[in-house]
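What the coordinates show
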Amino acid sequence: MSTTLYVRLPQRPHDQPQPWQFGAMAFALVRTPVADKSRRAGVPHAPELLREGHAPAGEMPAADRLVLIVAASDVLLATAMVPPLPPARLRLALPNLVEDMLATDAAPCHIALGPALDPAATARGARRRLLMVTDRAWLRAALDNFAEHKHRRRHVVAAQLCLPLAPADVEQTAAPEAPPSAPGAIPVQPATLMVEAAATALAQSASLLDAAAPAESARMWQVTARTGQYEGFGLLLGDQALATWQALAPAGQWHGDAAARAHAPVPALRAQPPVARASRISEDWRIWLAGAEDCLRDPQLDLAQFEFAQGRMDRWNLRAWRLPLALAAGLLLVQILGMNLQWLMLRHEASRIEAAQVDLLHTAFPNVPPIAEPPLLMRRQVEQLRTASGRSVPGDFLPLADGFARAARQLPPDALLQLDYRASTLYVTLKPGTNTGALRDAARQAGLQMEDDRNPPDAARGGSTPPQGATRWTVKAAS
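Residues numbered from 1 in each chain as written. Predicted model: local features only at pLDDT ≥ 70, side-chain atom pairs only at ≥ 80, totals over all residues. Heavy atoms only, no water.

As for the sheet that holds strand E10 (residues 220–228)
Threshold: Here, a strand pair is defined by DSSP locating no fewer than two bridges between the strands. Helix and strand assignments come from DSSP, with helices taken as H or I runs of at least 4 residues and strands as E runs of at least 2, each series counted from the N terminus. Fitting a line to C-alpha atoms yields each axis, with helices limited to the stretch in contact; the angle taken between N-to-C directions then spans 0 to 180 degrees.
A sheet is described by the order of its strands in space; here four strands give the open sequence E11-E10-E9-E12, paired in mixed fashion. One side of each edge strand has no neighbouring strand; the edge strands of this open sheet are strand E11 (231–238) and strand E12 (252–256). Shown here is a sheet whose adjacent strand axes are inclined to one another by a mean of 15°, direction ignored. In this structure, strand E9 (residues 191–197) lies alongside E12, joined through five bridges in parallel fashion. Paired with Thr-192 across the two strands is Gln-253, which belongs to E12.

Structure follows, in structure tokens:
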């Protein structure tokens, strides 16, 4: 199950300086299945309303997805021929496409790119596309207001696109002065109109300026109208203006909240029969949730584009990874502490063994100063004792020559060209073509280590230059 938090943003106050103070906003927390098979089959799903009401952004419940619905009067829907440009260049070119449609400068406006209105046109040329224009500072303030909210994904949509399209065969409610349609005329898409009590600072200031008037005369109404698939607008009207504007309103279905149905001067709202509630969703949110879900199916209707686009890192729910990250950090800390503890134990063991070796060396040879490693001193002292007693050591000439003679029994008589001995090492020069592989294996079995002599002989070593093609080997006692 996944949760979605829908928030209705108030109208942008034109009489308040920045920074704007967002108060309590209308919200609805809805739970829907993650894999909703009914949506794939074209059957509308029935979301479960968990919570609704009015609260500041910091007191709203956490959700997997956040959907901000911008007031229709703050979003201008326009169409223009958009050339195929990269996103960076397209962002710079969009203000030039809408500057003739705006009553203000296009520089402080955020322009979002909507879907293409002529799918049959070629993708290489300019295409007529929907443009959604809103105030950049207002949108940034709204997103910053929800910067600390706990959610993984967020969307920003226009309110006029969140109203469901009225069916073509619906009974249209038009103004009494509107003339009937001529026979044979092309049917017009009926509009969907929503009337709500305005909850903005502008409405509050209007009541303060006209304090002598009764509250009913200062009441402001927020009108949201959707006249087509990608068409709609928003108005902020008083009681008298709303009653007069109905003569110009498009024909269609009228909807309203509880305050509008009770006090708004719209006869169409009172003439409608009460809607049977088939779910737990309240009447005020039933229309908005149905239209918003249909709007979110098209990712191009999201106003959060360009600099307001949600990055990949923003989609990660780091709070959900707090426990695994803490566990990984704890395991890493335990591993580091264990490695350091093991190193201290091994260091203590090495110090103990080294002290035992020094004690053993001093016990056997009390007059030897510990100027080198104890094993090396012990080995030298033992060799000196063997030499003094007349016993040969493995590195003497006779043991090396005897062991090499036993290993070279299979060599031809003329294979050995030269034999030298220096520094406990036997230098053997062999005739070219001698099977040195078998000789090395035999020397290894005799307890000798036979390696290729890569150092050329010189006069200082007393060696002679071997013949052309001959190989030179070193024979040592195996350690």
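Resuming the write-up.
As for the pattern of salt bridges
Two side chains carrying opposite charge are able to pair once their charged atoms lie near each other. Which entries qualify depends on this criterion: The rule for a salt bridge is simple: a side-chain nitrogen of Lys or Arg has to be within 4 Å of a carboxyl oxygen of Asp or Glu. Relative accessibility under 20% of the residue-type maximum defines a buried residue, over 50% an exposed one, and the middle range a partly exposed one, all with a 1.4 Å probe and only protein chains included.
For the structure on display, the rule yields 14 salt bridges. Close ionic contact of Asp-239 with Arg-219 constitutes a salt bridge, the shortest N to O distance being 3.9 Å. Within this pair, whereas Asp-239 is found in helix H5 (residues 239–245), its partner Arg-219 is found in the loop between helix H4 (201–209) and E10, the two being separated by 20 residues in sequence. By relative accessible area, which is 17% here, Asp-239 ends up buried. The partner of Arg-297 in a salt bridge is Asp-294, and the shortest N-O contact between them spans 3.3 Å. Asp-294 sits in the partly exposed class, given a relative accessible area of 44%. Among the charged side chains, a network of salt bridges with common partners joins Arg-91, Arg-136 and Glu-307.

As for the side chain of Thr-425
For clarity, the threshold we go by: The contact rule is simple, with two residues in contact once any of their heavy atoms fall within 4.5 Å.
The residue Thr-425 is located in strand E14 (residues 425–430) in this model. On the accessibility criterion, Thr-425 (6% relative accessible area) is buried. Residues within four places of Thr-425 in sequence aside, it is in contact with Leu-400, Asp-420, Thr-474, Val-475 and Lys-476.

Some words on the sheet that holds strand E6 (residues 109–116)
The sheet built from three strands is open, its strands ordered E5-E7-E6 with antiparallel pairing. A single partner strand is all that each edge strand has here, and the edge strands are strand E5 (76–82) and E6. Sheet twist, expressed as the average angle between the axes of neighbouring strands with direction ignored, equals 35°. In this structure, E5 lies alongside strand E7 (residues 127–135), joined through seven bridges in antiparallel fashion. Residue Thr-79 lies in a different strand from E7, and its bridge partner there is Leu-130. Of the strands in this sheet, E5, E6 and E7 are in contact with helix H2 (residues 87–98), which crosses E6 at around 95°.

A look at a nonpolar patch on the surface
Quick reminder of the rule: Two distance rules govern patches: like charges are joined within 9 Å, and nonpolar side chains (Val, Leu, Ile, Met, Phe, Trp, Tyr) within 5 Å, applied only to residues with over 30% relative accessible area and no salt bridge. All accessible areas in this document rest on Shrake-Rupley with a 1.4 Å probe, and a residue is counted as covered only by the protein chains that are shown.
Residues Phe-397, Leu-398, Leu-416 and Leu-419 make up a contiguous nonpolar surface patch of roughly 360 Å² in combined accessible area. For the nonpolar patch, the secondary-structure elements that each account for two or more residues are helix H12 (397–407) and strand E13 (416–422). Mapping Phe-397 onto the fold places it in helix H12.

Some remarks on the pairing of E10
Of all nine residues that make up E10, eight are buried, and the element is covered over most of its length. Note: E9 against E10, six bridges, orientation antiparallel. The partner of Thr-192 across the bridge, within E10, is Arg-226. For E10 and E11, the ladder comprises eight bridges, and the chain directions are antiparallel.

What to know about the packing of helix H10 (residues 322–364) against helix H11 (residues 374–388)
To keep it simple, the criterion reads: Any angle that is under 35 degrees is reported as roughly parallel, and any over 145 degrees as roughly antiparallel; angles of 65 to 115 degrees are reported as roughly perpendicular and all others as oblique. Helix crossings are classified by the rotation of the near helix relative to the far one: an anticlockwise turn of less than a right angle makes the crossing left-handed, while a clockwise turn makes it right-handed. In this classification, Asp, Glu, Lys and Arg are treated as charged, Ala, Val, Leu, Ile, Met, Phe, Trp, Tyr, Cys and Pro as nonpolar, and every other residue, Gly included, as polar.
Here H10 crosses H11 at 25°, and the two axes come no closer than 9 Å. Considering the angle they form, H10 stands roughly parallel to H11. When the axes of H10 and H11 are compared, the crossing they make is left-handed. Contact residues: Gln-357, Val-358, Leu-360, Leu-361 and Ala-364 in H10; Pro-374, Pro-375, Leu-377 and Met-378 in H11. Residue composition of the contact of H10 with H11, by class: eight nonpolar, one polar and no charged.

Just geometry here; none of it tells us what the structure is for.
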